[in-house]
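Secondary and tertiary structure notes
Okay, here's what each chain looks like letter by letter:
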Amino acid sequence: MNFMNKLERKFSKYAVSNLTMYLIFGYAAGYVISMLAPGMLGYLTLDVYQVLHGQVWRLVTWVLIPPSTQNIIFYMIMMLFYYQLGSNLERTWGVFRYNVYIFGGMLYTILGAVITWLVMSAVYGDARTMGMFAGLQVSTYYICMSIFLAFAVCYPNMQILLYFIIPIKMKWLAYVYALLMVIDLIQSPWPRRIVMVMSLLNFLIFFLSTRDLYRYSPKEVRRKQAYRQAVMRPKNAGITKHKCAVCGRTEQDDPSLEFRFCSKCQGNYEYCQEHLFTHQHVR
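Residues numbered from 1 in each chain as written. Predicted model: local features only at pLDDT ≥ 70, side-chain atom pairs only at ≥ 80, totals over all residues. Heavy atoms only, no water.

In this structure, L89, I102 and F148 are the most contacted members of the largest nonpolar core, which totals 43 residues. Secondary-structure elements contributing two or more residues to this core are α2 (19–36), α5 (72–93), α6 (95–124), α8 (141–154) and α9 (170–187). Per element, the largest residue contribution to this core is 11 residues, and it comes from α8. With residues near it in sequence (within four places) discarded, L89 still touches G94, Y98, I147, A150, F151 and C154. In this structure, C262, C265, Y271 and L276 belong to the second largest nonpolar core, which totals eight residues. (Core = buried A, V, L, I, M, F, W, Y, C linked by side-chain atoms within 4.5 Å. Buried < 20%, exposed > 50% of the residue type's maximum accessible area, 1.4 Å probe, protein only. Helix = DSSP H or I, 4+ residues; strand = E, 2+ residues; numbered from the N terminus. Contact = heavy atoms within 4.5 Å.)

Right, here's the structure in full:
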């Protein structure tokens, strides 16, 4: 984490704010392309063979490929859900660390696709690998899943309505998804396993290899915010000049209040404008 702190101090000015919104816009563009010109998606996929032969734009355009669904209502609900998760993570971790998390997941996915291609080429040869790799479409599904898992770890007890009806805590939903991913990992062929593991490597590294994870928990973040607010307050914030002897209000309770001393009371008794003429005199 010391290395991460150094990177943040040096490169935080280059971090992209509201990164989740740009991801959602990219998905929306990919969804429109899939509806209007589905044949163009073949030129956007992460095909290592084509990248090595000059189509370098595939290293970026693969993030536009939307989840495989034709229901636009379900698609919009899921994108809104992931936007809320990503925005909350960005506020919890900070813009720079959230950028590292997302871009790290993309980089690991590309690295996983390259490793898979190299291994398959060595085992099966280039010609057969091209046909086998064509069926292995690399997408950002597991990157979105890593966002969900990260949010569940940070906010395990937050309750959501599954299908807008069933109340369930994030941690239980995360356990279910983790179990489904393990089953998918076991049943999938080894090329897909490599891509799956590499796509989720950012989650594994960030949470399993970080010793000071507690400093990014919501409780610790709130404690730091409260501390900063307390430090920014003036030292004499608790000292008041005026205080009503009847109601106890001060100028901090209402700056528009006026205070006067009563000449008929014995001692220094001060009253607000509401009790100056209605109080009982002290003898």
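The next thing to look at is a nonpolar patch on the surface. A surface patch of nonpolar side chains, amounting to about 540 Å² of accessible area, comprises Y141, V176, Y177, L179, L180 and I183. It is α9 that contributes the most residues to the nonpolar patch, five residues altogether. (Patch = residues over 30% accessible without salt bridge, like charges linked within 9 Å, V, L, I, M, F, W, Y side chains within 5 Å. Areas by Shrake-Rupley, 256 points an atom, 1.4 Å probe, with all protein chains shown as cover. Salt bridge = Lys/Arg side-chain N within 4 Å of Asp/Glu carboxyl O.)

A pair of packed helices can be characterised by two numbers: the angle between their axes and the separation between those axes. At a minimum axis separation of 9 Å, α8 and α9 run at an interaxial angle of 145 degrees. The way α8 lies across α9 gives a crossing that is left-handed. Of the residues in α9, those touching α8 at Y142, M145, F148, L149, F151 and A152 are M170, L173, A174, Y177, M181 and D184. Residues that form the contact of α8 with α9 fall into these classes: 11 nonpolar, no polar and one charged. (Axes fitted to C-alpha atoms, helices over the stretch in contact; angles between N-to-C directions. Left-handed = near helix turned anticlockwise from the far one by under 90°. Nonpolar A, V, L, I, M, F, W, Y, C, P; charged D, E, K, R; others polar.)

This next bit is on the state of the cysteines. Cysteine pairs can be covalently joined through their sulfur atoms, and such a bond is termed a disulfide. Under the definition given, this model contains zero disulfides. A disulfide-free cysteine, C244 has its sulfur positioned 3.6 Å from the sulfur of C247, the nearest such atom. What makes C244 buried here is its relative accessible area of 2%. Looking at C265, it has no disulfide partner, and the nearest cysteine sulfur is the one in C262, 3.6 Å off. (Disulfide = S-S within 2.5 Å.)

To continue, consider the pattern of salt bridges. Here the structure, examined in full by the defined rule, presents one salt bridge. The salt bridge partner of E258 is R260, with a shortest N-O separation of 3.6 Å. A relative accessible area of 44% places R260 in the partly exposed class.

With respect to the secondary-structure elements, S146 resides in helix α8. Residue S146 is classed as buried on the basis of its relative accessible area of 0%.

With that settled, the discussion passes to unusual backbone geometry. Look at N18: it is not a glycine, yet its phi comes out positive at around 55 degrees. Considering the arrangement of structural elements, one finds N18 in the loop between α1 (2–11) and α2.

Right, let's get into the packing of aromatic side chains. The full count for this structure, using the stated rule, is six aromatic pairs. Arranged with centres 5.5 Å apart and planes meeting at 65 degrees, the rings of W172 and Y175 form a pair that is edge-to-face. Within this pair, W172 and its partner Y175 are both found in helix α9, separated by three residues, close to a single helical turn. A relative accessible area of 51% means that Y175 is categorised as exposed. Here a set of aromatic residues connected by ring pairs shows up, and it is made of F81, Y82, F148 and Y177. (Phe/Tyr/Trp six-rings, centres within 6.5 Å; stacked < 30°, edge-to-face > 60°.)

What follows concerns the packing of α5 against α8. Contact geometry for α5 and α8: axes closest at 10 Å, N-to-C directions at 55 degrees. Considering the angle they form, α5 stands oblique to α8. α8 is crossed by α5, and the crossing has left-handed handedness. Together, F81, Y82, L85, G86, N88, L89 and W93 of α5 and C144, M145, I147, F148, A150, F151 and C154 of α8 make up the contact between the two elements. Class assignment of the residues belonging to the contact of α5 with α8 gives a composition of 12 nonpolar, two polar and no charged. (Parallel < 35°, antiparallel > 145°, perpendicular 65-115°, else oblique.)

In short, geometric facts, not functional conclusions.
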